[in-house]
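The chain contents come next:
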Amino acid sequence: MSTIRTLSTCTARHFALSGSRCRTHRSLPGWINLRGLATSTEGTLRKTGLYDFHIKNDAKMVPFAGYQMPLAYGNVGQVASHTHVRTDAGLFDVGHMVQSNFRGRTATAFLEWLTPSSLTSLAPFTSTLSVLLNEKGGIIDDTVITKHSEDAYYVVTNAGRRDRDLTWFKEKLEEWNASDNAKSGKVEHEVLEDWGLVALQGPAAAQYLQSLTSFALRELTFGKSAFVPIEGFNLHVARGGYTGEDGFEISIPPSQTADVTKLLCKAPVQLAGLGARDSLRLEAGMCLYGNDLDEDTTPVEAGLTWVIGKERKETGDFIGAEGVRKHLKDGPPRRRVGFIVDGAPARQGAQIYSSPQKELIGVVTSGIPSPTLGKNIAMGYVKSGFHKKGTEVEIEVRNKMRKAIVSPMPFIKPNYWRG
């Protein structure tokens, strides 16, 4: 089966860069404790197509979501790396994510059964954040779905949910294709194994990428994608990312991944790893599956009601609809919110109490000292009624109660390019 639509067959350019190093910035380390690291032994961990590239660039490799992934590079501190993405540009390897194609005459209806999103009304080459739901309405995974046409979709899911997601896709495809739903055409699923995926993020990202292409990137606004010629390569480029900054996620065939990445990481771009990625996404109010989302949490509880299509809230025939509609109608028992925390930072698992009653009302799911704001920020779930902006609560940190205030997310103003 062919890969994402029709890719250029031009021969990949070769660069005499194998002995060179992409730009890194020397500073004191200041690591954030990244939660959710995989416990697999090194021998069982998978590698992205950029593993050798990372080693050549002094990456500190750690287990994450079943892969060996770069936490940071050289002596670059997490705060310095984070700040460089906010002020200039950083390049992340996100090739551990699972990239898939769904094709077939009933592909739109099939994906609208798996998710609560309105894909029928989505314009071609437009993306949307969505969620895969179990029968109770709990979140199996969060995903980005890009519509190429009514019968072709490009879908990216989380590496840590690979086995669960692929098994779910297989089961549901078999069920769909054996039913009357597929009368007008069956749906096929292709996993883009070993394909590269890199994220170029930051205010300097567009100017840098524009220097490598004749494509007018100003026309590629947030949430849009296109096949873009980049120095002889024809690549699927989506405008967006996981940092709150302007940026691009670029899908790359396996044989071209290293060469394209070398093109993308010259000054002012710096290589960035998981440490910076975690603090950037939390400042942007974005969820990390396994921390902030799980199968016992509905999109309504998670503050993701906006991913549910307006017309589908009442009549949508999607998996988990009953549980979602119950929370939409009656209100969820708990809600995901942000916090500004006094004193020491609150980490995952810290308990949240009402003030001054000291009633246990929730738990922190992610928390860091924010490099951009110079304050401790966190997100977590609290009992409904305590979720309103400005509500004062107390969070137990290192056996001491710390004052915290419920704060809106994102914590920083997003800088997406909307034209």
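The text that follows walks through the structure, step by step, so that each part is easy to find. What you see is a predicted model; the values in this text were computed from it and never measured. (Residues numbered from 1 in each chain as written. Predicted model: local features only at pLDDT ≥ 70, side-chain atom pairs only at ≥ 80, totals over all residues. Heavy atoms only, no water.)

Right, let's get into the environment of Arg-312. Along the chain, Arg-312 falls in helix H8 (residues 312-315). Looking at Arg-312, the relative accessible area reads 7%, which means it is buried. When the C-alpha positions of Arg-312 and Arg-325 are compared, they lie 9.9 Å apart, and in sequence the two are 13 residues distant. Those residues within four positions of Arg-312 in sequence are excluded, and the remaining contacts are Glu-112, Trp-113, Thr-115, Pro-116, Ser-117, Ser-118, Asp-317, Phe-318 and Arg-325. (Helix = DSSP H or I, 4+ residues; strand = E, 2+ residues; numbered from the N terminus. Buried < 20%, exposed > 50% of the residue type's maximum accessible area, 1.4 Å probe, protein only. Contact = heavy atoms within 4.5 Å.)

Moving on, we come to the sheet that holds strand E15 (residues 334-341). Sheets are built from strands paired through backbone hydrogen bonds, the pairs being either parallel or antiparallel. Around the barrel, 6 strands lie side by side as E15-E18-E17-E16-E19-E20; this closed barrel has antiparallel pairing. Here the strands of the sheet are splayed against their neighbours by 40° on average, with no regard to which way each runs. Bridge count between strand E16 (residues 351-354) and strand E17 (residues 360-369): 3 bridges; the pairing is antiparallel. Note that in E17 the partner of Ile-352 across the bridge is Gly-362. Against the sheet, helix H7 (residues 274-283) contacts E17 and strand E18 (376-383), and its axis sits at roughly 125° relative to E17. (Pairing = 2+ DSSP bridges. Axes fitted to C-alpha atoms, helices over the stretch in contact; angles between N-to-C directions.)

A word on the sheet that holds strand E4 (residues 89-93). Taken in spatial order, the 6 strands of this open sheet run E11-E12-E13-E10-E4-E14, and their pairing is mixed. A single partner strand is all that each edge strand has here, and the edge strands are strand E11 (225-230) and strand E14 (269-271). Across this sheet, the average inter-strand angle for adjacent strands is 30°, counted without regard to direction. Relative to strand E13 (residues 247-252), strand E10 (residues 196-201) runs antiparallel, the two being bridged by 6 bridges. Pairing of Leu-197 across the sheet is with Ser-251, part of E13.

This part takes up helix H3 (residues 107-114). Among the 8 residues of H3, 7 are classified as buried, and the element is accordingly described as predominantly covered. Looking only at H3, the buried set comprises Ala-107, Thr-108, Phe-110, Leu-111, Glu-112, Trp-113 and Leu-114. Among the structural elements, strand E5 (98-103), strand E6 (126-133), strand E8 (152-157), helix H4 (162-177) and H8 are those in contact with the buried residues of H3.

Looking at where Ser-370 falls in the secondary structure, it is placed in the loop between E17 and E18. If we skip the residues at most four places from it in the chain, Ser-370 touches Glu-283, Lys-375 and Ile-377.

With that out of the way, let us pick up unusual backbone geometry. For the bond running from Ala-267 to Pro-268, omega is 10°, close enough to zero to count as cis. Residue placement: Pro-268 occurs in the loop between helix H6 (257-264) and E14. Of note, the bond from Met-409 into Pro-410 is cis; its omega dihedral lies within 30 degrees of zero at 5°. By the element assignment, Pro-410 lies in the segment after strand E20 (400-407). The backbone phi angle of Phe-125 is positive, close to 60°, even though this residue is not glycine. Relative to the assigned elements, Phe-125 resides in the loop between H3 and E6. Phi angles above zero are rare outside glycine, and Arg-398 is one such case at about 55°. If you trace the backbone, Arg-398 turns up in the loop between strand E19 (392-397) and E20. Looking at Arg-398, the relative accessible area reads 68%, which means it is exposed.

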